[in-house]
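# Report on the structure
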There are 2 protein chains.
Amino acid sequence: MKALVFNESLQILEVPIPQPLNDEVLIRVLYSSICNTDLEIIKGYMGFNGIPGHEFVGEVITTSSRYFGKKVVGEINCPCGNCYLCLTGRPTHCESRSTLGIFKRNGVFAEYIVLPESNLHVVPDNLSEEIAVFTEPLAAAIEIFEQIHIKPSQNVFIFGAGKLGLLIAQVFRLNGCVFNVFARSESTVKKAADMGVYARLISTLSNSDKAEVCIEATGDPSGINLALAHLHPRGKLVLKTTVANCEKIDLNQIVINEFEIIGSRCGLFEPALRLLKQKLVDPQQMIAKTFNFDQIRDAFEFAAKPGTLKVLIRHY
Amino acid sequence: MKALVFNESLQILEVPIPQPLNDEVLIRVLYSSICNTDLEIIKGYMGFNGIPGHEFVGEVITTSSRYFGKKVVGEINCPCGNCYLCLTGRPTHCESRSTLGIFKRNGVFAEYIVLPESNLHVVPDNLSEEIAVFTEPLAAAIEIFEQIHIKPSQNVFIFGAGKLGLLIAQVFRLNGCVFNVFARSESTVKKAADMGVYARLISTLSNSDKAEVCIEATGDPSGINLALAHLHPRGKLVLKTTVANCEKIDLNQIVINEFEIIGSRCGLFEPALRLLKQKLVDPQQMIAKTFNFDQIRDAFEFAAKPGTLKVLIRHY
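The written sequence of each chain sets the order in which its residues are numbered from 1. Naming scheme: in the order in which they are written, chains are lettered from A and ligands are numbered from 1. Under the rules for a predicted model, residues below a pLDDT of 70 receive no local features and side-chain atom pairs below 80 are neither given nor counted, while totals for whole chains, interfaces and linings still include all residues. Calculation of side-chain values draws on the structure's entire complement of heavy atoms; hydrogens and water are dropped beforehand.

### Quick word on the overall build of chain A
Note the following rule: Secondary structure elements are defined from DSSP: runs of H or I of at least 4 residues count as helices, runs of E of at least 2 residues count as strands, and each element is numbered from the N terminus. The reference for a compact globule is 2.2 Å times residues^0.38; the radius of gyration itself is calculated from the C-alpha atoms. Only protein chains enter the accessibility calculation, which uses a 1.4 Å probe; a residue whose area is less than 20% of its type maximum is buried, one above 50% is exposed, and one in between is partly exposed. The contact definition used throughout considers only heavy atoms, calling two residues in contact when any of these lie within 4.5 Å. Just so you know, the count uses Lys and Arg for positive and Asp and Glu for negative, and it drops His and the chain ends. In plain terms, the charge of a residue is placed at NZ if it is Lys, CZ if Arg, CG if Asp and CD if Glu.
Of regular secondary structure, chain A possesses ten helices and 18 strands. Relative to a compact globule of 316 residues, whose C-alpha radius of gyration would be 20 Å, chain A shows 20 Å and is just as compact. Projected onto its principal axes, the C-alpha coordinates of chain A cover approximately 60 × 45 × 40 Å. Taken over 316 residues, chain A has a buried fraction of 60%. Contacts in chain A between residues at least 24 apart in sequence constitute 67% of all its contacts with a sequence separation of at least 6. In chain A, the 31 positive side-chain charges and the 33 negative ones have mean positions that sit 3 Å from each other.

### A few points about the packing of helix α4 (residues 135-147) of chain A against helix α9 (residues 269-277) of chain A
All names here are of chain A. Test applied: Geometry is summarised by axes, namely lines fitted to C-alpha atoms with helices restricted to the contacting stretch, and by angles between N-to-C directions that run from 0 to 180 degrees. Note that the term roughly parallel is reserved for angles under 35 degrees, roughly antiparallel for angles over 145, roughly perpendicular for angles of 65 to 115, and oblique for everything else. Note that Gly is not counted as nonpolar here; it falls among the polar residues with everything else outside the nonpolar set of Ala, Val, Leu, Ile, Met, Phe, Trp, Tyr, Cys and Pro and the charged set of Asp, Glu, Lys and Arg.
Remark: α4 packs on α9, axes separated minimally by 8 Å, with the N-to-C direction vectors making an angle of 110°. With respect to their mutual orientation, α4 and α9 come out roughly perpendicular. Seen from α4, the contacting residues are Thr135, Glu136, Leu138, Ala139 and Ile142; seen from α9, they are Phe269, Pro271, Ala272, Leu273, Leu275 and Leu276. Partitioned by chemical class, the residues of the contact of α4 with α9 number nine nonpolar, one polar and one charged.

### What about the confidence of the model for chain A?
Just so we agree on the cut-off: For every residue, the predictor assigns a confidence score, pLDDT, that lies between 0 and 100.
Mean pLDDT for chain A: 95, with 100% of residues reaching 70 or above. For this predicted complex, the interface confidence score (ipTM) comes to 0.91, while the overall pTM stands at 0.92.

### Regarding helix α10 (residues 296-303) of chain B
For an α-helix the count is 3.6 residues per turn, leaving residues at separations of three or four pointing the same way. Residues and elements named next belong to chain B. Applicable threshold: Each C-beta atom gives one direction from the helix axis, and the arc is the one those directions make.
Along α10, the positions that sit buried rather than exposed are Ile296, Ala299, Phe300 and Ala303. For α10, the arc enclosing every buried residue in end-on projection is 100°, short of the 170-degree limit, so these residues lie on one face. On its buried face, α10 sits against β1 (2-7), β2 (9-14), β3 (24-34), α1 (36-41), β17 (287-292) and β18 (310-314).

### Focus: the relation of the copies chain A and chain B
For these two chain copies, the linking operation is a rotation about an axis paired with a shift along it. This is how the line gets drawn: The copies were overlaid with a least-squares fit restricted to C-alpha atoms from residues scoring a pLDDT of at least 70 in each copy.
If you rotate chain A by 180° and push it 0.0 Å along the axis, it lands on chain B with an RMSD of 0.0 Å. The symmetry that links the two subunits is that of a two-fold axis. Judged by C-alpha distance, lysine 248 of chain A is the residue of chain A that lies nearest the rotation axis, at 2.1 Å. Most of the interface of chain A is mirrored in chain B, where 100% of its interface residues again form contacts.

### A short note on the interface of chain A and chain B
Condition: Simply put, the buried area is the total loss of 1.4 Å probe accessible area from both parts when two parts are fitted together. Every case where a carboxyl oxygen of Asp or Glu lies within 4 Å of a side-chain nitrogen of Lys or Arg is listed as a salt bridge. Side-chain atoms alone can form a polar contact between residues adjacent in sequence; in general such a contact is a pair of N or O atoms within 3.5 Å, and within protein one must be able to donate a hydrogen while the other accepts it.
At the interface, 46 residues of chain A touch 46 residues of chain B. For the pairing of chain A and chain B, the buried interface totals around 3700 Å² over both sides, and the portion due to carbon and sulfur atoms is 54%. At the junction of chain A and chain B, the tally comes to four salt bridges. Summed over the shared surface of chain A and chain B, the number is 21 residue pairs in polar contact (both at pLDDT 80 or more). Taken together, the elements giving at least two residues each to the side of chain A that touches chain B come down to α2 (84-87), α4, β14 (231-239), β15 (246-250), α8 (251-256) and β16 (260-263) of chain A. Residue classes in the side of chain A that touches chain B are distributed as 20 nonpolar, twelve polar and 14 charged.

### Quick notes on the pairing of strand β5 (residues 71-74) of chain B
All names here are of chain B. Spelled out, the test is: One bridge is not enough; two strands pair if DSSP finds at least two bridges between them.
Where strand β4 (residues 55-60) lies against β5, two bridges are found, and the strand directions are antiparallel. Note on β5: the bridge partner recorded for glutamate 59 is lysine 71. Both β5 and strand β9 (residues 120-122) contribute to a ladder of three bridges, which runs antiparallel. Looking at the pairing, valine 72 lines up with valine 122 of β9.

### Brief notes about α4 of chain A
Residue and element names in this part refer to chain A. The condition that has to hold: By this rule, a helix spans an expected 1.5 Å times one less than how many residues it contains. Across the chain, bend at a residue is computed as the angle between axes fitted to the seven residues ending at that point and the seven starting from it.
Over its 13 residues, α4 extends 18 Å from the first C-alpha to the last, a length consistent with the 18 Å expected when each residue adds 1.5 Å. The sharpest bend along α4 measures roughly 30° and falls at alanine 141. Three or more residues of α4 are buried, namely Thr135, Glu136, Pro137, Leu138, Ala139, Ala140, Ala141, Ile142, Glu143 and Ile144.

### Quick notes on the side chain of asparagine 180 of chain A
All names here are of chain A. Take asparagine 180: it is sitting in strand β11 (residues 178-183). By relative accessible area, asparagine 180 is classed as buried at 15%. For asparagine 180, the residues in contact, after removing those within four places along its chain, are Val156, Phe157, Ile158, Tyr198 and Arg200.

### Concerning the pairing of strand β16 (residues 260-263) of chain B
Both faces of β16 of chain B are covered, namely the face carrying Glu260 and Ile262 of chain B and the face carrying Ile261 and Gly263 of chain B. Relative to β16 of chain B, β16 of chain A runs antiparallel, the two sharing three bridges. Each residue of the ladder has a partner; that of glutamate 260 of chain A, found in β16 of chain B, is isoleucine 262 of chain B.

### Description of the domain arrangement of chain A
Residues and elements named next belong to chain A. Stated precisely, the cut-off is as follows: The domain boundaries here were taken from an automatic or database domain assignment.
Segmentation of chain A into domains returns domain 1 (2-134 + 283-314) and domain 2 (139-263). Across the boundary between the two partners, domain 1 contributes 14 residues, which contact twelve residues of domain 2. Summed over both partners, the interface of domain 1 with domain 2 buries about 1100 Å², with 61% contributed by carbon and sulfur atoms. Three residues, Tyr45, Met286 and Leu309, lead the burial of domain 1 against domain 2; their summed loss comes to 44% of the area buried on that side. For the pair domain 1 and domain 2, the number of links is two residue pairs in polar contact (both at pLDDT 80 or more). With three residues, helix α1 (residues 36-41) is the single largest residue contributor to the side of domain 1 that touches domain 2. Its residues assigned to classes, the side of domain 1 that touches domain 2 comprises seven nonpolar, five polar and two charged.

### A few points about the packing of aromatic side chains
Residue and element names in this part refer to chain A. The condition is simple: Pairing of aromatic rings covers Phe, Tyr and Trp, the last counted by its six-membered ring, and requires centre-to-centre distances within 6.5 Å; plane angles under 30 degrees mean stacked, over 60 mean edge-to-face, and any other angle means tilted. Comment: the charge-over-ring label is applied if NZ (Lys) or CZ (Arg) is within 6 Å of the ring centre and within 35 degrees of the ring normal.
If you walk through the whole model with that rule in mind, you get 14 aromatic pairs over all chains. Ring geometry for phenylalanine 159 versus phenylalanine 182: centroids 5.5 Å apart, planes at 25°, classification stacked. Of this pair, phenylalanine 159 sits in strand β10 (residues 155-159) while phenylalanine 182 sits in strand β11, placing them 23 residues apart in sequence. Residue classification places phenylalanine 159 among the buried residues on the basis of a relative accessible area of 0%. Taking the relative accessible area as the measure of exposure, phenylalanine 182 reaches 0% and is therefore buried. Ring pairing ties together the aromatic residues Phe157, Phe159 and Phe182, which thus form one cluster. Between lysine 289 and the ring centre of phenylalanine 302, over which it is positioned, the NZ or CZ distance is 5.2 Å.

### Focus: the packing of α4 of chain A against helix α5 (residues 163-173) of chain A
Residue and element names in this part refer to chain A. Convention followed: For a crossing to be left-handed, the near helix must be turned anticlockwise from the far one by less than a right angle; the clockwise case is right-handed.
Between α4 and α5, whose axes approach to 9 Å, the crossing angle comes to 55°. On the basis of their axis angle, the class for α4 and α5 is oblique. Relative to α5, α4 is oriented so that their crossing is right-handed. Touching Pro137, Leu138, Ala141, Ile142, Ile144 and Phe145 of α4 are Leu164, Leu167, Ile168, Val171 and Phe172, all from α5. In terms of residue class, the contact of α4 with α5 is built from eleven nonpolar, no polar and no charged.

Below is the structure:
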C-alpha cells in the first residue's frame, strides 16, 4: 500500500499492508486530517519515525469483526489493559500504550491501518466523512469538561483561536457561560468571526481583565504566563498546548493566588459523536482545504502556514 | 513600645503603640514564632518594610471588645469585605487586603498589635501558648484538605520535612492514607523520626516511585520538578513553597500526563484549633528553642540555620 513515512523527511513510499494482531482489525482509511501534533512530529517531537497521522474515518475490512463494512472513527491510545493505570480508570495513560501515529504505532496517512476493535466507534449515518474526522480533536476539547466543573455563571478566557481553540470555543458555547476567545492576529479574529465565534486581539486585554477559568491553546509555550496573568485567585488554568519546550514560571504567584493548573489531553469519542450528530458542534467552516492523498506532502506544507485551519486528506 | 523593625536591616526600636481603627482591637502579644516567610521577608521578599511576624498568641486589651481579656490567635489576612473576591468567598485573596507582618500591616514582633476583631479566635483553655502559636501554620497545612479530596486509600509523597512539611505530615496521618515524607539530609530524617514521622532521603527515590498526590514543601524552587517526576498521570501536586524565584517547567509533561498543580496558601483557624485541642496534632516536639523578645535578633539568626524547626519568642 501507499503510505506517508516520516524518517528525517516525509516521503510517500510503498509499504506492506499491516497485519492485524489479536484484537486488532484492518481498516481502510477514507479521510484523515492534519493536527498540530503531526506538524510537531515532523519537526522531531516524540522522536517518532514511521507513518504519522491519528485523525481519521475508515471502513472496517476484517470480515470477522462485528464492525465489518461499517464506517468508524478510532481512539488513538492502545493500552495494555492490565497495568495499575489501566486498572484505575486511566487507560489513555497506560505506561506501555502505543498511540496511533504518535508513539510506537503507525498512523493513518496510509491506505490501511490496524487498531484494536475496542478502540472503534461507529460513525452515525447522518455524519459526513469530512465532519466525522473531527471526532478526535473535538473529544480533546470536551476532555476539559471531564476534568473540571465549569459553571454556566462563570467567565472563561480561551487563549488561541487555532484549530483546537475554535473547537473548544464551540463546546463552551453549549455551557451557557460567558467566554472570550483571544487571538494574536487580526486575520485569526476575522476567521473566527466568519465561524460565528467572537474573538478579540490579545493586545486588547488590560491588566484587570480576569477570568475564573482560562484555557491555554495558543500552541506557544509563553501562553501559560499570559493566561496566569488573567486568572482570578483560585481560578483554573487548563493547559492544552503540547510543544517540546520548557517555560520559566513564577511559582510564587501560583501559591499566593492558589491557582490550579490542569493539563488536558485526549478525550472520549462518544460525547464528541453525540454533539456532532446533533450539529451542536459544526466544524464545517473549519475545513481550510481538502487534498487527495497523492498531494499529502503539499497538504503538510499548506497546513504548516500560520493561521491555517483544518486540512483534510481524501484517501480514495 | 518595643518592636522589631525591618528596614534594610533588623533592629529593635521604640515605636508608638498602634491605635485600633473601626473594627480593630488592640492585642498584647504573649508568644510569637518565626516562619520561613519571615526569613524571606528580611531578604527582601514582598518588599516589606516595618514590623514583621504573623504567628502569635495574644491577649485582647480593648475593653469594649467581646474578647476583652481573652487569649486569642488571629487570621493574618485583613480583607475589605466588599470586592468581587470577598463577595465570592475568597477573602484571603482580597485585592486590597493587608496581611499581618507581610503586606501593608505591621506584624507581631512587637509588644502590641491591632487586628480586626473578626480575625480573632479564642484559644481553648487546655492549649498552652507554646502550642497555640502553631495555629496559623497548622491552618496552612489543613488548607490542602479544603482544596482537594485526598482519599484514605491513596498514597501521598510529601517533599520537605521542615516546619511546614512536618505539620502537613501530621495532618495526613489523620487521613488514613499511606504517606511518605522525603527529606534532603540525614539529620532531618532523624529529626522527623524523633517526632514519630517516618521520613526517607530523597536520594532513595527510584524513577518508578510514584504517588497520586505529591506535596511540595521543600522551600526550594527545584522541588516542583522533583515532585512532578514522582507523580502518577492525573495525579495532583500541591505547591506550598513560596520563594521569590522562577523555575523552568516542562509544560509538555503536564499536558501529556494531565497533571493537576494546585497552589496552596493560608487556611482556616477553627479546624486547626480543633485538632490542637484534641491533641490529634501535637507540635510540641517541633519547638527548637524559645527566646525572650530581647533576644529576637539572635532568634532570627538561629532560625535561619538549615534544618532548624520552630523558634518561639516569649514576649513577657
